[in-house]
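Spelled out from the first residue to the last, the chains are:
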Amino acid sequence: RDGALDQGKSLGIIMQIAKALQHAQKHGIIHRDVKPDNIMLTRDGVAKLCDLGLAKVASEEGPESTRPGASMGTPYYISPEQARGELDIDTRSDIYSLGATFYHCAVGQVPYPGDSAAVVISMHLTEPLTPPRQRNPLVTQPMEYIIMKMMEKAREDRYQTPQELLRDLDSVAAGGMPEGFALEEDAKAATAPKLRRSRLLRNVRRFRRR
């Protein structure tokens, strides 16, 4: 309602909900509708994940669980696999939806704004995600890294478990870096000199041709 939350408050809420997903996973429960409307804050600032109306037990099978092709969840926060109506939904879908919620908290806007549910769902399936820092420069690089990883379209590229996500959230909350962020930055630094050298060689060749 009031726009982007500050980083500390966003992290605190998302960490608590990630712990709720960790607890749900231990009991084989997939929420399937993680979104801001289903996160309640107590007067003491404790975040609670509510509304299990769309939740299912991971071992459930059959038409009463999920119909093939049926899209479950809320369009603004739905995972690509939910949007496709896939049957084998797991905790990584909830991680995506929590990532979309994290994006909304950090930026003050939903990841994919659209005029209709169909447009929004299509964007979740095909549209590249706008990095949070492009919409809100106050978002830190480590926080952006976590959000982007949570919202990878291919679930194999996301955090695989809430526990894995919590490790990076805890690290950032303590002033550190996500585990993969440092590796990614090292890789960029290693390739930068090669890129600069290749550009220099191209410029030299152009100059000689003239």
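Residues numbered from 1 in each chain as written. Predicted model: local features only at pLDDT ≥ 70, side-chain atom pairs only at ≥ 80, totals over all residues. Heavy atoms only, no water.

Trainee: Can you break down the nonpolar core residue by residue, with the values?
Mentor: Among the nonpolar cores identified, the biggest contains 36 residues, and Leu98, Phe102, Ile146, Met150, Leu165 and Leu169 are the most heavily contacted of them. Those elements giving two or more residues to this core turn out to be α1 (7-26), α3 (91-107), α6 (141-150) and α7 (162-173). Per-element accounting of this core gives the leading share, eight residues, to α3. Not counting chain neighbours up to four residues away, the residues in contact with Leu165 comprise Ala18, Leu98, Ile146, Met150 and Tyr159. (Core = buried A, V, L, I, M, F, W, Y, C linked by side-chain atoms within 4.5 Å. Buried < 20%, exposed > 50% of the residue type's maximum accessible area, 1.4 Å probe, protein only. Helix = DSSP H or I, 4+ residues; strand = E, 2+ residues; numbered from the N terminus. Contact = heavy atoms within 4.5 Å.)

Trainee: If you had to explain α7 to someone new, which residues and values would you point to?
Mentor: Taking 1.5 Å per residue as the helical rise, α7 with its 12 residues ought to reach 16 Å, and the 16 Å between its terminal C-alpha atoms agrees with that figure. All of the buried residues in α7 are Pro162, Leu165, Leu166, Asp168, Leu169 and Val172. Considered in projection along α7, the buried side chains sweep an arc of 165° and stay on one side of the axis. Looking at the residues trailing α7, positive phi occurs at Gly175, about 90°. (Expected span 1.5 Å × (residues − 1). Arc of directions from axis to C-beta.)

Trainee: Which residues make up the packing of α6 against α7, and what values go with them?
Mentor: Contact geometry of α6 with α7 gives a least axis separation of 10 Å together with a crossing angle of 165°. Classified by the angle between their axes, α6 and α7 sit roughly antiparallel to one another. The interaxial crossing formed by α6 with α7 has left-handed handedness. Contact residues: Pro142, Tyr145, Ile146, Lys149 and Met150 in α6; Glu164, Leu165, Asp168, Leu169 and Val172 in α7. Within the contact of α6 with α7, the residues separate by chemical class into seven nonpolar, no polar and three charged. (Axes fitted to C-alpha atoms, helices over the stretch in contact; angles between N-to-C directions. Parallel < 35°, antiparallel > 145°, perpendicular 65-115°, else oblique. Left-handed = near helix turned anticlockwise from the far one by under 90°. Nonpolar A, V, L, I, M, F, W, Y, C, P; charged D, E, K, R; others polar.)

Trainee: Outline the packing of aromatic side chains, supporting the account with residue identities and numerical values.
Mentor: All chains considered together, the criterion is met by two aromatic pairs. With 6.4 Å between their ring centres and 75° between their planes, Tyr76 and Tyr77 make a pair best called edge-to-face. Seen from their ring centres, Tyr145 and Phe181 are 5.8 Å apart, and the 75° between their planes marks the pair as edge-to-face. Within this pair, whereas Tyr145 is found in helix α6, its partner Phe181 is found in helix α8 (residues 179-209), the two being separated by 36 residues in sequence. (Phe/Tyr/Trp six-rings, centres within 6.5 Å; stacked < 30°, edge-to-face > 60°.)

Trainee: Help me get a handle on the side chain of Asp168, residues and values and all.
Mentor: Position of Asp168 among the secondary structure elements: in helix α7. For the buried Asp168, which has no salt bridge, the nearest side chain bearing the opposite charge is Lys149, at an N-O separation of 5.1 Å. Not counting chain neighbours up to four residues away, the residues in contact with Asp168 comprise Tyr145, Ile146, Tyr159, Pro178 and Glu179. (Lys, Arg positive; Asp, Glu negative; His and termini not counted. Salt bridge = Lys/Arg side-chain N within 4 Å of Asp/Glu carboxyl O.)

Trainee: An account of the environment of Ser122 is needed here, citing residue identities and associated values.
Mentor: One can find Ser122 in helix α4 (residues 117-126). Separated by 39 residues in the primary sequence, Ser122 and Ala83 place their C-alpha atoms 8.4 Å from one another.

Trainee: Would you mind going over the pattern of salt bridges in detail, with residue names and values included?
Mentor: All told, the structure shown has seven salt bridges when counted by the stated rule. For Glu81, the salt bridge is made with Arg158, and the minimal N-O distance between the two is 2.8 Å. With Glu81 in helix α2 (residues 80-83) and Arg158 in the loop between α6 and α7, this residue pair connects regions lying 77 residues apart in the sequence. The class of Arg158 is buried, set by a relative accessible area of 1%. The residue Lys149 makes a salt bridge to Glu164 at a minimum N-O spacing of 3.8 Å. Taken together, the residues span a long stretch of sequence, with Lys149 in helix α6 and Glu164 in helix α7 at a distance of 15 residues. Residues joined by salt bridges that share partners form a network here, namely Arg84, Glu86, Asp88 and Arg155.

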